[in-house]
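# Structural characterization, general
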Protein chains: 2
Amino acid sequence: MGRWEPDGEGRLRMAAMELFAEVGYEQTTVAAIAERAGLTSRTFFRYFADKREVLFSGSEVLQASMVAALRSAPVDATAMDAMAFALQAPADFFSEDRRDFARLRASVIAANGELHERELIKLARLSAALAAALRARGIGEPDASLVAEAGIAVFRVAFAQWVGQSERRTYSGIVGSLLARLKTLAALH
Amino acid sequence: MGRWEPDGEGRLRMAAMELFAEVGYEQTTVAAIAERAGLTSRTFFRYFADKREVLFSGSEVLQASMVAALRSAPVDATAMDAMAFALQAPADFFSEDRRDFARLRASVIAANGELHERELIKLARLSAALAAALRARGIGEPDASLVAEAGIAVFRVAFAQWVGQSERRTYSGIVGSLLARLKTLAALH
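Residues numbered from 1 in each chain as written. Chains lettered and ligands numbered in written order. Predicted model: local features only at pLDDT ≥ 70, side-chain atom pairs only at ≥ 80, totals over all residues.

### Some words on the overall build of chain A
Keep this limit in mind: The numbering of helices and of strands both runs from the N terminus, where a helix is a DSSP run of H or I of at least 4 residues and a strand a run of E of at least 2. Counting other C-beta atoms within 10 Å of a residue's own tells you its class, since 20 or more makes it buried, 12 or fewer makes it exposed, and anything in between is partly exposed; those C-beta atoms are placed from the backbone. Whether two residues are in contact is decided by their C-beta atoms, placed from the backbone, lying within 7 Å.
Within chain A one finds ten helices and zero strands. Scanning chain A from its N terminus toward the C terminus, one meets helices and strands in the order α-α-α-α-α-α-α-α-α-α. Its C-alpha atoms give chain A principal-axis dimensions of about 55 × 30 × 30 Å. Per-residue burial over chain A gives 35% buried out of 189 residues. In chain A, of all internal contacts separated by at least 6 residues, the share reaching a separation of at least 24 is 57%.

### What to know about the confidence of the model for chain A
Quick reminder of the rule: pLDDT is defined as a per-residue confidence score from the predictor, taking values between 0 and 100.
Per-residue pLDDT for chain A has a mean of 93; in total, 97% of the residues score no lower than 70. Here the predicted complex carries an ipTM of 0.89, next to a pTM of 0.90.

### Some details on the relation of the copies chain B and chain A
As a reminder of what qualifies: Copy-to-copy superposition: least squares on the C-alpha atoms, limited to residues that have pLDDT of at least 70 in both copies.
If you rotate chain B by 180° and push it 0.0 Å along the axis, it lands on chain A with an RMSD of 0.0 Å. The symmetry that links the two subunits is that of a two-fold axis. Both copies share a contact surface, since 100% of the interface residues of chain B are interface residues in chain A too.

### Overview of the nonpolar core
Under the convention used in this document: Nonpolar cores are identified as sets of buried Ala, Val, Leu, Ile, Met, Phe, Trp, Tyr and Cys residues joined via C-beta atoms within 7 Å.
Grouped together as the largest cluster of nonpolar side chains are 73 residues, with contacts concentrated most on A:Leu134, A:Val154, B:Leu134 and B:Val154. What B:Leu134 contacts, discounting residues up to four positions off in sequence, is B:Leu70, B:Ala79, B:Ala82, B:Ile139, B:Ala144, B:Val147 and B:Ala148.

### Here's the deal with the interface of chain B and chain A
Our working rule: For this classification, Asp, Glu, Lys and Arg are treated as charged, while Ala, Val, Leu, Ile, Met, Phe, Trp, Tyr, Cys and Pro are nonpolar and the rest, including Gly, are polar.
Listed as interface residues are 30 residues of chain B and, on the opposing side, 30 residues of chain A. At the level of secondary structure, the elements contributing two or more residues to the side of chain B that touches chain A comprise helix H6 (79-88), helix H8 (113-136), helix H9 (143-162) and helix H10 (171-187) of chain B. Ranked by the residues each element gives to the side of chain B that touches chain A, the list is headed by H9(B), at ten residues. In the side of chain B that touches chain A, the residues fall into 19 nonpolar, four polar and seven charged.

Following this line, the structure appears as structure tokens:
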């Protein structure tokens, strides 16, 4: 990173999110994002392929960290225990200082059909990757797919709660309480 | 339905699915579907808005039947019990004589990114509708969303198993065993 661009990526990311929220995703240009961040379009393209990348470039990191956590769970961990490790892996990523950014991102995605589709595809890929990692631990089918999908169910609800307007609990705390709740609810059948 | 078109809709549906599988979804025209079914394009448009509709026109029926089953579950049913009623609702719809059609449909959708996105959107809408129906039963949050997402998790895995090549169990039997399995897996955490 150059001397005159301390955290250029972070500034571009926040500038983009502000513009998406203010004037809409469709109407926001790369030039406007760069200008708001006090940088050039050329610098923007050093970090992101296009404006959509600003919203989704974190997805691969997220998936890799969840899969790695699932892989390195203790050998005697049950399938659901291993999934709990995967769900807790992004706790540092979903930190307090990233919550406002995540809230803006969620509202931008909810307002745009194409972005919502992309988010659903990312989650479907994440589920498939987690199921594959469970099978690699020796978990058979349908257990691997069922636990992966149930894990994504917890992840969706946890994330939605974490970005809720008046929510103050940590992502990690929310995940822990939803995993316990799922166990209780499933037992009541 | 006219005298010369017994089950025109069903013939169009199967003709479309055969062509999608044989020459690909993109390459298949409405004219070709109608010709294969021995009907005219005009007749096609009496049943479907476009060729994509052939694949997704069942989704609204499916969602309506699942939501209705959830609503009419016994008053003292737990959230997961009510979800089980919803999941069992399409058992008649996913009958043995529809399994080959469903298998073809699944392979066509898996082979086309745009169709896969649409399928994911339909499932996200189904989840939201089921969560709303649970809230209408007095189930609070996050339980309603968690049970709805867990139900969709079971539905995805159940459907994937039901259309599996060598699968012979009924949809209903698969759903029952996955619900029991989810309870067991969730308890092991």
